[in-house]
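# Geometric and topological summary
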Amino acid sequence: MKKLLLLSFLCITITSVAQDYNVDLDYYLPTDVTYNKNIPTPKSIIGHEVGEWHVTHDKLVYYMTALAEASDRITLENRGTTFEGRPLVLLTITSPANHSTIETIRKNHIGLTESGSNALTTENMPIVVYQGFSIHGNEASGSNASLAAAYYLAAAQGPKIDELLKNTIILFDPSLNPDGLQRFSYWANMHKSENINPDPYDREYDEVWPGGRTNHYWFDMNRDWLPVQLPESRARITTFHNWYPNILTDHHEMGTNSSFFFQPGIPSRTNPLTPKLNQELTGKIGNYHAKALDKIGSFYYTEENFDDFYYGKGSTFPDINGGIGILFEQASSRGHGQESDNGILTFPFTVRNQFTAALSTLEAAVGMRKEILDYQRTFYNEARSEGGSGAIVFGDEKDAGKTYELAQILQRQKIKFHEVKNDFTKDGKNYKKGFSYIIPKNQKQSRLIKAMFEKRTTFQDSLFYDISAWTFPLAFNLDYSEDVALSQAGEEVTDLQMKIQNAPNTSNYAYVMEWHEYYSPKALNLILKEGLRAKVGMSPFTLENVTYDYGTVMIPVQNQKLQGAALNKFLTEVSKETGVKFTGVQTGLTKGIDLGSGQFRAIEMPKVGLLVGEGINPSDAGEIWHLFDTRYDMLITKLDTKNFGRMDLSKYTDIILPATWGSALDKDDTEKLKDWVRTGGTLIGFRNAGRYLESNELLKMKFKKKQDTAKAITFEQRGDYFGAQVIGGAIFEAKLDRSHPIAFGYKNSTLPMFRNTTLFVEADENSYNNPIQYTASPLLAGYISKPNLEELKNTVPFKTGGLGRGQVIYFTDNTNFRAFWYGTNKLLMNAIFFGDEM
């Protein structure tokens, strides 16, 4: 397909687009069918025309429910709720005859992905299409178009629609992000004028922080298709694997001055695990989009800007699962109508383009039905033949929690795995039953397994729309080997459960817990919240023939709020809730530091503030909020930057400054923050907040300065040249000083760390001030330019220093990335609980 397909309709004018403010349903609908008057129109249910107002999620669900009640072509199911309690609805749309045998159709379709699929015929098999709208809530033309599309599929009459419904099972997801859609629709509607003002400076087009793009915890959910950490994602991934759709569409918006994009993306940026035929079929489907958009005179482009590399996006995830993912990007009005380089871009116009692409997708599905079904069958047959023999083992002999969380992802992605038959050692790492699992390579999802576990460092292109590495065992900081005999595998895991520790033996002296388990911070917080005293050991020790590592937490029995059996019962409940092991000990005499030593330091109950609001990166802030609130059940106070000057900071032990957008705190705010640190507070900064810390003399450190001179680069090439110097997201190896409190709970001497900045901090001349330092050969997975790799070597991703009686702690990169970088979450927890010991 050519990069730009020529349009056959070039007569759209600014005037005609501007007239599209007030339209009725006929503006969107094809005229080659008739419409059943017994099917309710959107206006008859929600009270306004499609595109007249931004539909709220409650009205959207109300209409979809009414359609399902009125039409025998539609069934509706609620697959769960968002964090804010909104339903995650799905419409299954097909002919009444197909509905009567829908489970048989589903099982036959799934059969194409299984062994023995060659016995199935695709001659009359329906194709399955998943249509998803507006995963970014403020890219609302998709969900608003779903109103018209659902009406069309329910009400249209004639041979054309009969043929479509007979040959297609449509999994129709009208809002992939209900919370974000609701937030944005409220904003856009609240600022709508009777006389729509298209001035881009109007408040309607400038959302208040954090905007409607994200979900409740401010996550970009279009990066969660592979990690599956959010409830919205889990619902749609369950649907995906229940059906394995052949085509999945993902309706988005982009800059106001753009036109309309559909895939394929840039060919050189396609993940090499994606079959070439996938992209060829995507291109053929694109011809249907081009024809449909030509017919209504809409401009578009393809094979530019966007790529198909990271499998965690909606338009790329199907590509590694035997389907075809298609991204649509519509120029955004970001409200009801906005000035653009192409004239006034009205909201109804954007809705019509999305509606048109939704229908052209279905036309392509019918026209290419057998070809695409046969591709799916071939994909899985080839995947099984590529799997080979042997297995992958992963785990952590000290941390069943992280191991369990990765196993949950495998389970959600329908990857088969087994218990370890017996404890064994491989490459110097111990794999214990209950702490490790084995994945056979020869299975249906062998390509998805490879995509999740491979460490790729060579690439055809040096530019990436998103991250270039996401190796899951590295993200979880788990030991793993890709070369294990399948004979090490025990029973297949079909009922995954968190490991339950034995109840602690009763002690009248003290209880100890190691800090290795992922949920140790949750356990410690529960203990401190109960009003119990706890101390952390600064050195290892051996007690009653057990060796305890750096960071072991000790809970004395005497002089506690709970005594005797009550204390034991409480710790037993904490253990059940967190999976953390407690051991009752009968003496304080050890080999190493005794339990009464000053090397056991009292731990204070943290009171944590998180800076949010204008000037703060909402994604980074949301990841921290989510970590505290949903993983560790720890209270965290969101401190809005606009009110910072009026706040009493004395109540907080720790304040977190996430990555910033511009200036978050003014001069007076900064002085107030410095005074708070001087009086004993711990300030923790991330990413580009380091520049703020250094320039305002909160923390002394030296950033490397790199001269970047482009030689033999043309004007046309300049964008690609500078883009190649970006670290979009890769994984690097750092060495750890495990005696430093920031490294408590880590059993290995190295740590894989995610990085997507070019902030390089020079190491201190005193080695003890470099507890985390990149190695001389740090690249583990992903892309980094050679100059940047040289700059990164032996630098430090962590820096800390005292200021008065307080402490300032800095991480160059995000330790909480997208909620699935479990392996470095504990760094932040160590900063919270043990920061005053650094």
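Residues numbered from 1 in each chain as written. Predicted model: local features only at pLDDT ≥ 70, side-chain atom pairs only at ≥ 80, totals over all residues. Heavy atoms only, no water.

## Notes on the overall build of the protein chain
Formally: By the criteria applied, helices consist of DSSP H or I runs no shorter than four residues and strands consist of E runs no shorter than two, each listed in order from the N terminus. As defined in this context, the radius of gyration uses C-alpha atoms, and a globule is described by 2.2 Å times the residue total to the power 0.38. Buried residues are those whose accessible area, probed at 1.4 Å on protein chains only, stays under 20% of the maximum for their type, while exposed residues exceed 50% and partly exposed ones sit between those limits. Whether two residues are in contact is decided by their heavy atoms, any of which lying within 4.5 Å being enough. Note on areas: these come from Shrake-Rupley sampling with a 1.4 Å probe, and a residue is covered only by the protein chains present in the view. For the purpose of counting charges, residues Lys and Arg are taken to be positive, whereas Asp and Glu are taken to be negative. His and the chain ends are not included. Charge positions come from single atoms, namely NZ of Lys, CZ of Arg, CG of Asp or CD of Glu.
For the protein chain, the helix and strand inventory stands at 23 helices and 35 strands. A compact globule built from 838 residues would reach a C-alpha radius of gyration of about 28 Å, and the protein chain, at 28 Å, matches this within 12%. Considered along the principal axes of its C-alpha atoms, the protein chain spans approximately 85 × 65 × 60 Å. Here the protein chain holds 838 residues, and the buried ones make up 62% of them. Of the contacts made within the protein chain by residues no fewer than 6 positions apart, 79% connect residues no fewer than 24 positions apart. Element-wise, carbon and sulfur atoms account for 47% of the exposed surface of the protein chain, whose accessible area totals about 31900 Å². Charged side chains of the protein chain number 87 positive and 98 negative; the gap between the two group centres comes to 4 Å.

## A word on the environment of V50
Tracing the backbone through its elements, the reader meets V50 in the loop between α2 (42–46) and α3 (57–70). Of the residues examined, V50 reaches a relative accessible area of 2% and is grouped as buried. The spacing of V50 and F476 is 426 residues in sequence and 45 Å in space, taken between C-alpha atoms. Non-local contacts of V50, meaning those with residues more than four positions away in its chain, are made with V23, L25, Y28, P42, N144, L147, A148 and V351.

## So, the sheet that holds strand β29 (residues 654–657)
To keep it simple, the criterion reads: At least two bridges found by DSSP between two strands are what make those strands a pair. Throughout, an axis means a line fitted to C-alpha atoms (over the contacting stretch in the case of helices), and angles, computed between N-to-C directions, take values from 0 to 180 degrees.
What the six strands build is an open sheet, ordered β28-β27-β29-β30-β35-β34; its pairing is mixed. In this open sheet, the two strands that pair with only one neighbour each are β28 (636–640) and β34 (798–803). Within the sheet, the average angular offset between the axes of one strand and its neighbour, ignoring direction, is 20°. Pairing of β34 with strand β35 (residues 806–811) involves six bridges; the strand directions are antiparallel.

## A few points about the side chain of Q560
Which entries qualify depends on this criterion: As used in this structure description, the phrase polar contact means that two N or O atoms lie within 3.5 Å; if the pair is within protein, one of them must be able to donate a hydrogen and the other to accept it, and residues adjacent in sequence are counted only when both atoms belong to side chains.
Along the chain, the position of Q560 falls in the loop between β23 (553–556) and α17 (564–578). There is a polar contact of 2.8 Å between the side chain of Q560 and the backbone nitrogen of R533. Excluding anything up to four places from it in sequence, Q560 contacts L532, R533 and I555.

## A closer look at the packing of α3 against helix α8 (residues 178–190)
Formally: An angle counts as roughly parallel when it lies under 35 degrees, as roughly antiparallel when it exceeds 145, as roughly perpendicular when it falls between 65 and 115, and as oblique in every other case. Each residue gets one label: Ala, Val, Leu, Ile, Met, Phe, Trp, Tyr, Cys and Pro are nonpolar, Asp, Glu, Lys and Arg are charged, and the others, such as Gly, are polar.
Close contact between α3 and α8 brings their axes to 8 Å; oriented N to C, the two are set at 120°. With respect to α8, the axis of α3 lies oblique. Along its contact with α3, which presents H57, D58 and L60, the element α8 presents P178, L181 and Q182. Tallied by class, residues from the contact of α3 with α8 come to three nonpolar, two polar and one charged.

## Here's the deal with the sheet that holds strand β3 (residues 87–93)
Pairing is mixed across the open sheet formed by seven strands, whose spatial order is β2-β3-β6-β4-β7-β9-β8. Unpaired on one side and paired on the other, β2 (74–81) and β8 (260–262) mark the two borders of the sheet. Strand-to-strand twist across the sheet, computed as the mean angle between neighbouring axes with direction ignored, equals 20°. Taken together, the three bridges between β8 and strand β9 (residues 324–331) define a ladder with antiparallel strand orientation. Across the sheet, F261 pairs through a bridge with E329, a residue of β9. Here helix α6 (residues 141–155) sits on the sheet and contacts β2, β3, β4 (127–133), β6 (168–173), β7 (247–254) and β9; the angle it forms with β6, its principal contact strand, is near 145°.

## Re the pattern of salt bridges
Operational definition: Any carboxyl oxygen of Asp or Glu within 4 Å of a side-chain nitrogen of Lys or Arg constitutes a salt bridge here.
Counted by the stated rule, this structure contains 37 salt bridges. The salt bridge partner of R79 is D173, with a shortest N-O separation of 2.9 Å. Linking R79 in strand β2 with D173 in strand β6, this pair joins segments that are 94 residues apart in sequence. Ionic contacts of the salt-bridge type, sharing partners, join the residues E139, R213, D220, R223, D466 and R818 into one network.

## As for α8
The following threshold applies: To estimate how far a helix should reach, multiply one less than its number of residues by 1.5 Å.
The end-to-end C-alpha separation of α8 is 18 Å, in line with the 18 Å expected for 13 residues at 1.5 Å each. Of all the 13 residues making up α8, 10 are buried; the element is thus mostly covered by neighbouring parts of the structure. Turning to α8, its buried residues are P178, D179, G180, L181, Q182, F184, S185, W187, A188 and N189.

## Section: the side chain of T302
When you line up the elements, T302 lands in the loop between α10 (276–296) and β9. Within polar-contact distance, the side chain of T302 engages the backbone oxygen of F262 at 2.7 Å. A polar atom in the side chain of T302 sits 3.0 Å from the backbone oxygen of P264.

## Describing the pairing of β6
β6 sits mainly inside the fold: six of its six residues count as buried. Because side chains alternate across β6, one face comprises the buried residues T168, I170 and F172, and the other comprises I169, L171 and D173, equally buried. Here β3 runs beside β6; their pairing, made up of three bridges, is antiparallel. When the sheet's bridge partners are listed, L91 is paired in β6 with F172. In this sheet, β6 lies alongside β4 in parallel orientation, the contact comprising six bridges. By the bridge assignment, I127 is partnered in β6 with T168.

## Description of helix α13 (residues 400–412)
Note that an α-helix has 3.6 residues per turn; residues three or four places apart therefore point the same way. With 13 residues, α13 should cover 18 Å at 1.5 Å per step; its first-to-last C-alpha distance of 18 Å lies within 8% of that length. Those residues of α13 that sit buried are A400, G401, K402, T403, Y404, E405, L406, A407, Q408, I409 and L410. Among the structural elements, β12 (391–395), β16 (436–440), α14 (446–453) and α15 (472–475) are those in contact with the buried residues of α13. The N-capping residue of α13, defined by a side-chain oxygen 3.0 Å from the backbone nitrogen of G401, is D399.

## Side note on the packing of aromatic side chains
Where we set the bar: Here a Phe, Tyr or Trp ring, Trp counted by its six-membered ring, pairs with any other such ring whose centre lies within 6.5 Å, and the pair is stacked when the planes are under 30 degrees apart, edge-to-face when over 60, and tilted otherwise. Either the NZ atom of lysine or the CZ atom of arginine qualifies as a charge over a ring when it sits within 6 Å of the ring centre and within 35 degrees of the ring normal.
Within this structure, the stated rule accounts for 55 aromatic pairs. Their ring planes at 75° and their centres at 4.8 Å tell us that W209 and W218 sit as a pair that is edge-to-face. One exposure class covers both W209 and W218, and it is buried. Three or more aromatic residues link up through ring pairs in this structure, and these residues are W225, F240, Y244, F317, Y375, F379 and Y380. If you follow K672 out to its NZ or CZ, it ends over the ring of F644, 5.9 Å from the centre.

## Here's the deal with the environment of K561
One can find K561 in the loop between β23 and α17. In sequence terms K561 and F309 are 252 residues apart; their C-alpha atoms lie 55 Å from each other. Beyond its immediate sequence surroundings of up to four residues, K561 is in contact with E530, G531 and L532. Polar side-chain contacts of K561 include one of 3.1 Å to the backbone oxygen of E530.

## With respect to the nonpolar core
To be explicit about the condition: We define the nonpolar core as a collection of buried residues of types Ala, Val, Leu, Ile, Met, Phe, Trp, Tyr and Cys that are connected through side-chain atoms lying within 4.5 Å of one another.
One finds Y152, F172, F394, F628, I656, L683 and L828 to be the most contacted residues of the largest nonpolar core, which totals 230 residues. Listed in part, the 10 residues of the second largest apolar core include A510, V512, F541 and L595.

## Focus on the packing of α3 against α6
The interhelical angle for the contact between α3 and α6, taken along N-to-C directions, is 5°, at an axis separation of 11 Å. Classified by the angle their axes make, α3 and α6 are roughly parallel. Mapping the contact onto sequence places L60, Y63, M64 and L67 in α3 and S143, S146, L147, A150, Y151 and A154 in α6. Per-class residue counts for the contact of α3 with α6 are eight nonpolar, two polar and no charged.

## Side note on the confidence of the model for the protein chain
The criterion, for reference: The score called pLDDT rates the predictor's confidence residue by residue, from a low of 0 to a high of 100.
Residue-level pLDDT values for the protein chain average 95, and 97% of them are 70 or greater. Confidence drops under a pLDDT of 50 for residues 1–19, and excluding neighbours within four residues, the segment shows 44 contacts in the predicted structure.

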